[in-house]
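The chain contents come next:
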Amino acid sequence: MIFDPMYFVFLAPALLLSFWASFRTKSAFKKYSRVPTATGMSGAEAASRLLSSAGLHDVRILRSQGMLTDHYNPMNRTLNLSEGVFDSRSVAAVGIAAHEAGHAIQHATGYKPLGLRSVLVPTANIGSSLGYIVMLVGLFMSSANMVLVGAVLFSAVLLFQIVTLPVEFDASRRAKAMLSEHGIIAGAERGGVDRVLNAAALTYVAAAVSTLMTLLYFLMRAGFLGGRDD
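Our subject in this report is the structure included herewith. (Residues numbered from 1 in each chain as written. Predicted model: local features only at pLDDT ≥ 70, side-chain atom pairs only at ≥ 80, totals over all residues. Heavy atoms only, no water.)

**So, a nonpolar patch on the surface**
Here's step 1: Taken together, the side chains of I133, V137, F140 and M141 present a nonpolar region at the surface, about 410 Å² in accessible area.
Here's step 2: Within the secondary structure layout, F140 lies in helix 5 (residues 112-140). (Patch = residues over 30% accessible without salt bridge, like charges linked within 9 Å, V, L, I, M, F, W, Y side chains within 5 Å. Areas by Shrake-Rupley, 256 points an atom, 1.4 Å probe, with all protein chains shown as cover. Salt bridge = Lys/Arg side-chain N within 4 Å of Asp/Glu carboxyl O. Helix = DSSP H or I, 4+ residues; strand = E, 2+ residues; numbered from the N terminus.)

**Observations regarding the pairing of strand 3 (residues 78-82)**
Here's step 1: Counting buried positions over the five residues of strand 3 gives five, a clear majority of the element.
Here's step 2: The alternating pattern of strand 3 places T78, N80 and S82 and L79 and L81 on opposite faces, both of which are buried.
Here's step 3: Pairing geometry for strand 1 (residues 60-64) and strand 3, over five bridges, is parallel. Residue pairing across strands places L62 opposite N80, the latter belonging to strand 3.
Here's step 4: Bridging between strand 2 (residues 71-73) and strand 3 involves three bridges; their strand directions are antiparallel. Bridging across to strand 3, N73 finds its partner in T78.
Here's step 5: Where strand 2 folds back onto strand 3 in an antiparallel hairpin, the turn is made up of four residues, including R77, whose phi is positive at roughly 55°. (Buried < 20%, exposed > 50% of the residue type's maximum accessible area, 1.4 Å probe, protein only. Pairing = 2+ DSSP bridges.)

Right under this line is the structure:
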């Protein structure tokens, strides 16, 4: 089963999409990190302005280590910007910072998909750590029932990723609108922000597709979709 060619048939499209999404994201970020904004505003400054304009004065903006590690933490209400975004005065930086500010605004306004995603985190963590192993062991033991149990656990990961999609798309939509509305970007700069955020959104789509194809493969091998477990 380890060398089953059908596994690669199932996963190849998802892997290609993941590689393409990752390449597009890094390429767009690299390109527009070299393009300064006309306002000269940094990522941290842009995020601060957008949060203030939304009446959010209790969200701390912090610098985080690594590349593209930007995220909003609803537990402690911190907006964490990577080193390449926090101080950078580029189109890419303000776009990513605005996206994370969009998540903070989602949280403050009770955006339901974000709340649902937070609720699903513990279940998704369990499914991610146990689901794949249980499905794999089920195939080795020729136990369709065990594969099914693992598939149910692993489905929690897929559900989490599906719920994540509207959360990410909405944050990007908010970011683009707010950057233009508050005069942080103008003219051709909007195109750069679009490319950076659209490429980043594609990585979430790729992750969901990869999880779906993995789930379908195991169900097929266990005989639930017409395959065999031998």
